[in-house]
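Chain and residue survey
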Amino acid sequence: MRRVYLDNNATTPLLPEVLEAMRPCFFEKFGNASSIHQQGQQARAAVEHARESVAELLNCRPAEVVFTSGGTEGDNLALFGIFGNMQPGNHVITSSIEHHAVLNSCHRLEQMGCSVTYLPVDGRALVDPDDVHRALRPETKLISIMTANNETGVLQPVSEIGRIAAEADVYFHTDAVQAVGKVPVDVKEIGCDLLTISAHKIHGPQGTGALFVRKGTLLQPLFYGGRHERSRRAGTENLAGIVGLGKVAEIARLGFTDGSVARMAELRDRLEQTILENVEQVAVNSGGAPRVPNTTNISFDCIEGEAMVIALDLKGLSVSTGAACSSGAVEPSHILTAMGLSAERARGSIRFSLGKQNTAEDVEFALALVPEVIARLRELSPVYKAVSHQPSALS
Ligand code: PLP
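So, here's what we can say about the structure. Since the model is a prediction, treat every value here as computed from it, not as a measurement.

1. Digging into the overall build of the chain
Helix and strand content of the chain: 15 helices and 12 strands. Over its C-alpha trace the chain gives a radius of gyration of 22 Å, about what one expects of a compact globule, namely 21 Å for 395 residues. Expressed as lengths along the three principal axes of its C-alpha atoms, the size of the chain is roughly 70 × 55 × 35 Å. When burial is assessed residue by residue, the chain has 57% of its 395 residues classed as buried. Within the chain, residue pairs in contact and separated by at least 24 positions form 74% of the contacts whose partners lie at least 6 positions apart. Counting every atom, the chain has about 16600 Å² of accessible surface; 54% of that belongs to carbon and sulfur. Averaging the positions of the 36 positive and the 45 negative side-chain charges in the chain gives two centres separated by 4 Å.

Have a look at this one:
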């Protein structure tokens with residue numbers, strides 16, 4: 001059976017050229033980057049080459065790149081790393097639509113004596129920079145607002161928030177896990193002190209990422225051990241993972257000029273537009289906001305998202321109801337409810353997210369399945385039967 005994968009915000013398939021770049025790290029170039037012999041030097045050179053590639057992608061200095069085990073560690077290192085320099089009573093500003101890697105870190109910071117403001121978002125899931133400004137207090141030490149949202153793809157006004165943070169002399173962290181490779185991410189333009197990325201969202205290996213740490217930022221490590229990563233992240237470097245991240249950073253940079261990002265945007269737009277035209281009682285969540293080019297989140301009236309994901313999966317299409325980390329949870333997405341969607345509408349929402357491997361045929365495959373599956377599920381839905389004569393809740 002043909003399978004089409006449109007859940008690239010959960011994870012992406014490794015590109016063959018990335019595997020090729022990583023392969024020697026398991027065999028002839030397997031050294032420990034801290035060893036002084038030849039294999040060690042080879043590994044060190046590979047790690048530093050990858051660091052330069054990530055630095056070029058983010059427009060920072062190589063020394064400002066700290067390799068991590070992924071987005072979750074990057075977010076934790078940013079928040080707890082800064083908190084290491086804070087006193088109880090210090091204040092953090094974040095938003096209600098962050099990934100759980102940030103939200104649950106903030107909850108832990110509260111238990112540790114910090115106070116946290118969770119900013120609301122508007123109906124398009126956008127944070128208002130004026131709200132950030134108003135939330136500032138003399139004790140505010142850190143602002144953490146994501147660059148792009150994992151469920152809706154909405155791009156936050158991070159450059160404006162960066163300016164507010166700089167004026168207030170407050171650290172600014174942004175989780176750019178879902179933005180990098182999809183839109184240009186430039187730490188100077190954003191004006192952030194800390195920025196998180198993860199390799200597996202851009203066709204690199206799972207379990208690898210990086211945190212940009214602006215020169216001069218005082219950061220307490222999460223782990224204690226050797227003096228790896230300039231004492232910011234102890235532990236023998238994940239050589240193959242880091243080399244893979246370096247390679248995808250190079251590919252991500254090229255994506256803005258080789259047409260691959262533009263092609264992904266065209267495919268996403270075709271998918272979204274055609275669903276809107278061919279299926280009744282649907283709405284695009286955050287359709288009016290600036291978004292990354294690969295994501296569309298659509299609410300289908302009178303549908304249980306989980307049922308739709310399962311029905312589409314059985315027919316060969318992989319999509320998602322929300323963040324992969326919360327799948328299996330019955331609660332509606334905290335992101336969709338924060339932007340004002342009813343629990344019912346949030347539960348009926350599906351995220352389609354494209355990657356570099358997706359083709360026009362993949363989109364046509366999805367477009368052939370979605371209306372059919374929706375019609376079948378609605379036929380079984382007593383709620384749909386009851387409301388089908390009423391005007392749509394989504395109109
Ligand atoms: N931040 C965002 C916005 C994400 O979407 C994810 C993963 O879904 C993470 C952080 C966590 O990244 P990782 O899976 O690399 O730990």
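2. What about the pattern of salt bridges?
Here the structure, examined in full by the defined rule, presents 19 salt bridges. The closest approach of N and O atoms between R351 and D7, which form a salt bridge, is 3.0 Å. A residue pair is termed long-range when its members are at least 10 positions apart, and R351 in strand 12 (residues 349-353) and D7 in the loop between strand 1 (4-5) and helix 1 (16-22) qualify at 344 residues. Between R23 and E20 there is a salt bridge; the shortest N-O distance is 2.9 Å. Overlapping salt bridges bring together R44, E48, R51, E229 and E237 as one network.

Definitions and cut-offs
Within every chain, residues take consecutive numbers counted from 1 along the sequence as written. It should be noted that, the model being predicted, local features are given only for residues of pLDDT at least 70 and side-chain atom pairs only at 80 or more, the latter also being counted only at that level, while totals for whole chains, interfaces and linings use all residues. To obtain the side-chain values, all non-hydrogen atoms of the structure were included, while hydrogens and water were left out. The way it works is that DSSP assigns letters per residue, a run of H or I at least four long becomes a helix, a run of E at least two long becomes a strand, and they are numbered from the N terminus. Note that the radius of gyration is over C-alpha atoms, with the globule rule given as 2.2 Å times the number of residues to the power 0.38. Per-residue accessibility, obtained with a 1.4 Å probe over protein chains only, is compared with the maximum for each type, and a residue is labelled buried under 20%, exposed over 50%, and partly exposed between these values. Working rule for contacts: check all heavy atoms of both residues, and any pair within 4.5 Å makes them a contact. Only the protein chains shown count as covering a residue, and every accessible area follows the Shrake-Rupley method with a 1.4 Å probe. His residues and chain termini do not enter the charge count, which takes Lys and Arg as positive and Asp and Glu as negative. Working definition for charges: the position is that of NZ of Lys, CZ of Arg, CG of Asp or CD of Glu. Salt bridge, as applied in this entry: a Lys or Arg side-chain nitrogen positioned within 4 Å of an Asp or Glu carboxyl oxygen.

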